[in-house]
Amino acid sequence: MIYNTFGIPATADRYLTVTDKEQLLSLIAQGALARPPYFILGGGSNVVFTGHYHGTILHLENKGIRLLTPDSPSDTLLVEAAAGENWDTFVQHCINHGWHGAENLAAIPGTVGASPVQNVGAYGLEAKDIIHSVHAIHAITGHERTFSNAECQFGYRTSIFKQALKDQYIIWSVTFKLSPRFTPLVNYTALADALADAHITNPSARQMADTIAALRWSKLPRPEETGSAGSFFKNPVVSPEHYRQLKTRYPELVAHPTPDGYKLAAGWLIERAGWKGRSLGPCGVYAKQALVLVNLGGCSGSDVLALADAITADVQNLFGITLEKEAIII
Ligand code: EPU
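What comes next is a walk through the structure. (Residues numbered from 1 in each chain as written. Predicted model: local features only at pLDDT ≥ 70, side-chain atom pairs only at ≥ 80, totals over all residues. Heavy atoms only, no water.)

### Some thoughts on the packing of helix H2 (residues 87-96) against helix H5 (residues 205-219)
Part 1 of the reasoning: It is at 10 Å that the axes of H2 and H5 come closest, and there the two elements cross at 160 degrees. Viewed along their axes, H2 and H5 adopt a mutual orientation that is roughly antiparallel. Along this stretch, H2 crosses H5, giving a crossing that reads as left-handed. Contacts between H2 and H5 involve Gln92, Ile95 and Asn96 on the former and, on the latter, Ala205, Arg206 and Ala209.
Part 2 of the reasoning: Split by residue class, the contact of H2 with H5 holds three nonpolar, two polar and one charged. (Axes fitted to C-alpha atoms, helices over the stretch in contact; angles between N-to-C directions. Helix = DSSP H or I, 4+ residues; strand = E, 2+ residues; numbered from the N terminus. Parallel < 35°, antiparallel > 145°, perpendicular 65-115°, else oblique. Left-handed = near helix turned anticlockwise from the far one by under 90°. Contact = heavy atoms within 4.5 Å. Nonpolar A, V, L, I, M, F, W, Y, C, P; charged D, E, K, R; others polar.)

Below is the structure:
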């Protein structure tokens, strides 16, 4: 069985599946995670295996989604979801129950437990905007801790779980702050255009999620058809000065101002570097979205890295920008 969406066969010293907390606490008490490295596998949708993993793979399969505030008259609904739940199952469950706020993150591959780690985001919404708190278990001591939203130190595709506390905590469940009322979030241009094209002026939660899923799959490969890890690179942020230089050279440059400078579309840079639709061995650049590297058949982790390195070098030479990988390489 291959447990990663890139479809790369990989092996590890040990592979543990966990479905309930007692089981996890007992593994921790036996020191199962005391000798790093270990790697927590969610949906395997953001990871590239480059060879045998000399360590333990912990696959979380705990399930459950529940409303913590059933009788609350307030506008905020707290919904707790187990880390092992599939992300889109969670989003659809919320829509079906009238718990709103997660619609723009419909159809993202992966699990609930992975969502705070890299603060997943799409179509104008990031996980941090709807996360209330994260409940986690220390991998060595078994100590349980609840992190408030602020304590998670969320950033663009990052959090404390990828930085200061990397590999220290196992996220067990995430509590989201949702609303009984649906307010459409349409500040992402491509989304606004898609709704206008479909003549939808006041979308329902269902229409919103369906429009987003359709938009997503019009640009990204479906994991069941083509192996990939979604966006392989992050969108880089450059200084205002660097941005102005580039904009003079490339007036059509795609960029958004952020507090730290200008965020550029890595897909655009890669396309301009001539890589869109091209390949190196069995690994290719997706023809509809240059930010995505795809498995053309029999691709290994080294093939992915070889292509990533070639793209990174060309983007560096052409624009003076070092692309950072979004996917985790292990
Ligand atoms: N673009 C190009 N050429 C390309 C791809 C994109 O010119 O080959 C341009 C587009 O024309 C557009 C801009 O780049 O003007 C942005 O493209 P898009 O809306 O597709 O979004 P993105 O910045 O490429 C990000 C996320 C995606 C998320 C989409 C939608 C990152 C690294 N990626 O991509 O997340 O779905 O926005 O919100 O931030 C993921 O992380 O796996 C992922 C798919």
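### Thoughts on the packing of aromatic side chains
The description of an aromatic ring pair uses the distance of the two centres, along with the angle that the planes make with each other.
Part 1 of the reasoning: Tallying each qualifying case throughout the model produces 14 aromatic pairs.
Part 2 of the reasoning: A ring pair is formed by phenylalanine 232 and phenylalanine 233, whose centres lie 5.0 Å apart and whose planes are at 75 degrees; its orientation type is edge-to-face.
Part 3 of the reasoning: Grouped by ring-pair contacts, the aromatic residues Phe39, Phe49 and Tyr53 constitute a single cluster.
Part 4 of the reasoning: The ring of tryptophan 217 has arginine 216 sitting right over it, with the charged end atom 5.9 Å from the ring centre.
Part 5 of the reasoning: One cation-aromatic arrangement involves lysine 263 over tyrosine 156; the distance from NZ or CZ to the ring centre is 3.4 Å. (Phe/Tyr/Trp six-rings, centres within 6.5 Å; stacked < 30°, edge-to-face > 60°. Lys NZ or Arg CZ within 6 Å of the ring centre and 35° of its normal.)

### Description of helix H8 (residues 301-319)
Part 1 of the reasoning: For H8, built from 19 residues, the straight-helix expectation of 27 Å at 1.5 Å per residue is met to within 8% by its first-to-last C-alpha distance of 27 Å.
Part 2 of the reasoning: In this structure, the buried residues of H8 make contact with strand E3 (47-48), helix H6 (240-249), helix H7 (266-272), strand E16 (279-280), strand E17 (283-285) and strand E18 (292-295).
Part 3 of the reasoning: Phi turns positive one or two residues past the end of H8, at glycine 320, with a value near 70 degrees. (Expected span 1.5 Å × (residues − 1).)

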